[in-house]
Amino acid sequence: MAEARKIIIDTDPGQDDAVAILLALASPELEVIGITAVAGNVPLSLTSKNARKICELAGRPGTKVFAGADRPLMRQLVTAEEVHGQTGLNGPDLPEPTMPLQAQHAVDFIVETLMREESGAVTLCPLGPLTNVALALVREPRIAPRIREIVLMGGGYFEQGNVTPSAEFNIYVDPHAADIVFRSGVPIVMMPLDVTHKALTTAARVAAFRALGTGVGEATARMLEFFERFDEEKYGTDGGPLHDPCVIAWLLRPDLFKGRHCNVAVETASELTMGATIVDWWGVTQRPRNAHVMRDIDHEGFFALLVERLGRL
Ligand code: BDR
Ligand code: CA
């Protein structure tokens, strides 16, 4: 088998972040060289703890977890306890983690790793607000050409927003950071709501995780049952969108997704549409193509991959 692809997962767990982390840790094609936590769904003290809970659930307490930014670059932190619960991981009863949080700041870890590893070796996988990634790019601009790719969950175009009528949560929480990332020149793959709203945790799919008959399968089923109740009510669907695992699935099976290379710009001025991702899908501007924007997913294949991989843990 080819050498494992080195990734850093930047995340604000969150039940869907948790499933993304489990998928990555279960996949031998990927080497998770670090998990960096950021404030988002819940405050940093909880996201940095939740990331460790998930590593322990996966049986991987040796994974390095770093705490990063506790607030967005310019705006007040907005969290989403109404979706994820007070802990951010409501649903299963996971024990307090015993593995340590690394002493190094997440942004220092990202910069140091990218400067040390061979250029083009490391992929960044942001699953939350882009604060840590933007801070790293600003602090050490020489990392930009060394990043293989940024594969991120964020934004929405045809589906518009989920936290305001025009903005998706991750981009809305730190639009200035997102603006820095989308202007960085680093190759970007974007998993917007247009994709994730097609990846629904139906009752049958949750049952398939439970039927694994393992601790990971049961915890996943409980996380999804808690997480989806808010979105089922909001969208009137069977199940809620399983956003963040789409990022990891793309690394494993890009054939499950379809998209287009185009320009993406982030709204940072208007309070009304703050954090909107303006995708030039039809190529009507001369703005440079800076992102591969996904629009479609083979959702049956995606959930089959998830169940098969989580079954390995
Ligand atoms: C994104 O926001 C968070 O609530 C989820 O974890 C996901 O990253 C979806 O808008
Ligand atoms: Ca997330």
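1. Examining the site of ligand 1
Around ligand 1, the structure places Asp 16, Asp 17, Asn 41, His 84, Leu 127, Met 153, Asn 162, Glu 168, Phe 169, Asn 170, His 243 and Asp 244. The side chain of Asn 41 places a nitrogen or oxygen atom 2.7 Å from an oxygen atom of ligand 1. In this structure, an oxygen atom belonging to ligand 1 sits 3.0 Å away from a main-chain N or O atom of Leu 127. Calculation on ligand 1 without its partners gives an accessible area of 280 Å², and the protein chains cover 96% of this total. Those elements that provide at least two residues to the shell around ligand 1 are α1 (15-25) and α6 (169-173). A class-by-class count of the residues in the shell around ligand 1 yields 3 nonpolar, 5 polar and 4 charged.

2. A look at the packing of helix α9 (residues 203-210) against helix α12 (residues 299-310)
At their nearest, the axes of α9 and α12 sit 9 Å apart, and the two run at 20 degrees to each other. The pairing of α9 with α12 is recorded here as roughly parallel in orientation. The crossing of α9 and α12 is right-handed. Counted together, Arg 205, Ala 208 and Phe 209 of α9 and His 299, Glu 300, Phe 303, Leu 306, Val 307 and Leu 310 of α12 form the full contact between these two elements. The residue inventory of the contact of α9 with α12, partitioned by class, reads 6 nonpolar, 1 polar and 2 charged.

3. Here we look at α1
Counting buried positions over the 11 residues of α1 gives 11, a clear majority of the element. Listing the buried residues of α1 in full gives Gln 15, Asp 16, Asp 17, Ala 18, Val 19, Ala 20, Ile 21, Leu 22, Leu 23, Ala 24 and Leu 25.

4. With respect to unusual backbone geometry
Pro 13 connects to Gly 14 through a cis peptide bond whose omega is -5 degrees. As for its position among the elements, Gly 14 is in the loop between β1 (5-11) and α1. A positive phi angle, near 60 degrees, is found at Gln 160, a position not held by glycine. You can see Gln 160 is positioned in the loop between β5 (147-153) and α6.

5. Let's talk about the coordination of the calcium ion (ligand 2)
Those protein atoms acting as donors to the calcium ion (ligand 2) are Asp 12 (OD), Asp 17 (OD), Asp 17 (OD), Leu 127 (O) and Asp 244 (OD), and they sit at 2.3 to 2.6 Å. We note that the donor set of the calcium ion (ligand 2) lies within a single chain, spaced as D-x4-D-x109-L-x116-D. Here the residue Asp 17 occupies a position in helix α1, and Asp 244 occupies one in the loop between α10 (215-235) and α11 (245-252), the gap between them amounting to 227 residues. By relative accessible area, which is 2% here, Asp 244 ends up buried.

6. Quick word on the environment of Phe 158
Note that Phe 158 resides in the loop between β5 and α6. Relative accessible area serves as the criterion here: at 33%, Phe 158 is assigned to the partly exposed category. Between the alpha carbons of Phe 158 and Glu 118 there is a distance of 38 Å; along the sequence they are 40 residues apart.

7. What to know about the pairing of strand β2 (residues 30-37)
Counting buried positions along β2 yields 7 of 8 residues, so the element is predominantly enclosed. Note: β1 against β2, 7 bridges, orientation parallel. Along β2, the bridge assignment pairs Asp 10 with Thr 36. Crossover β1 to β2 through α1 is right-handed. Here β2 pairs with strand β3 (residues 65-67) via 3 bridges, running parallel. Along β3, the bridge assignment pairs Ile 35 with Val 65.

8. So, the sheet that holds β2
Strand order in this open sheet of 8 strands is β3-β2-β1-β4-β5-β6-β10-β7, and the pairing throughout is mixed. What marks the edges here is a single partner per strand, and that holds for β3 and β7 (257-262). Shown here is a sheet whose adjacent strand axes are inclined to one another by a mean of 25 degrees, direction ignored. Of the pairings in the sheet, the one linking β5 to strand β6 (residues 188-191) comprises 4 bridges and is parallel in character.

9. Let's talk about the pattern of salt bridges
The full count for this structure, using the stated rule, is 18 salt bridges. Arg 210 serves as the salt-bridge partner of Glu 218, at 3.1 Å between the closest nitrogen and oxygen. When its relative accessible area of 25% is taken as the criterion, Glu 218 is described as partly exposed. The partner of Arg 210 in a salt bridge is Glu 225, and the shortest N-O contact between them spans 2.8 Å. Note that Arg 210 is positioned in helix α9 and Glu 225 in helix α10, a separation of 15 residues in sequence.

So, how was this worked out
Residues numbered from 1 in each chain as written. Chains lettered and ligands numbered in written order. Predicted model: local features only at pLDDT ≥ 70, side-chain atom pairs only at ≥ 80, totals over all residues. Heavy atoms only, no water. Near = heavy atom within 4 Å. Polar contact = N/O pair within 3.5 Å; in protein donor to acceptor, adjacent residues only side chain to side chain. Areas by Shrake-Rupley, 256 points an atom, 1.4 Å probe, with all protein chains shown as cover. Helix = DSSP H or I, 4+ residues; strand = E, 2+ residues; numbered from the N terminus. Nonpolar A, V, L, I, M, F, W, Y, C, P; charged D, E, K, R; others polar. Axes fitted to C-alpha atoms, helices over the stretch in contact; angles between N-to-C directions. Parallel < 35°, antiparallel > 145°, perpendicular 65-115°, else oblique. Left-handed = near helix turned anticlockwise from the far one by under 90°. Contact = heavy atoms within 4.5 Å. Buried < 20%, exposed > 50% of the residue type's maximum accessible area, 1.4 Å probe, protein only. Donors = N, O, S within 2.8 Å, 3.2 Å for Na, K, Ca; no water. Pairing = 2+ DSSP bridges. Right-handed = clockwise from strand over helix to strand, strands pointing away. Salt bridge = Lys/Arg side-chain N within 4 Å of Asp/Glu carboxyl O.

Shape descriptors only; they carry no functional weight alone.
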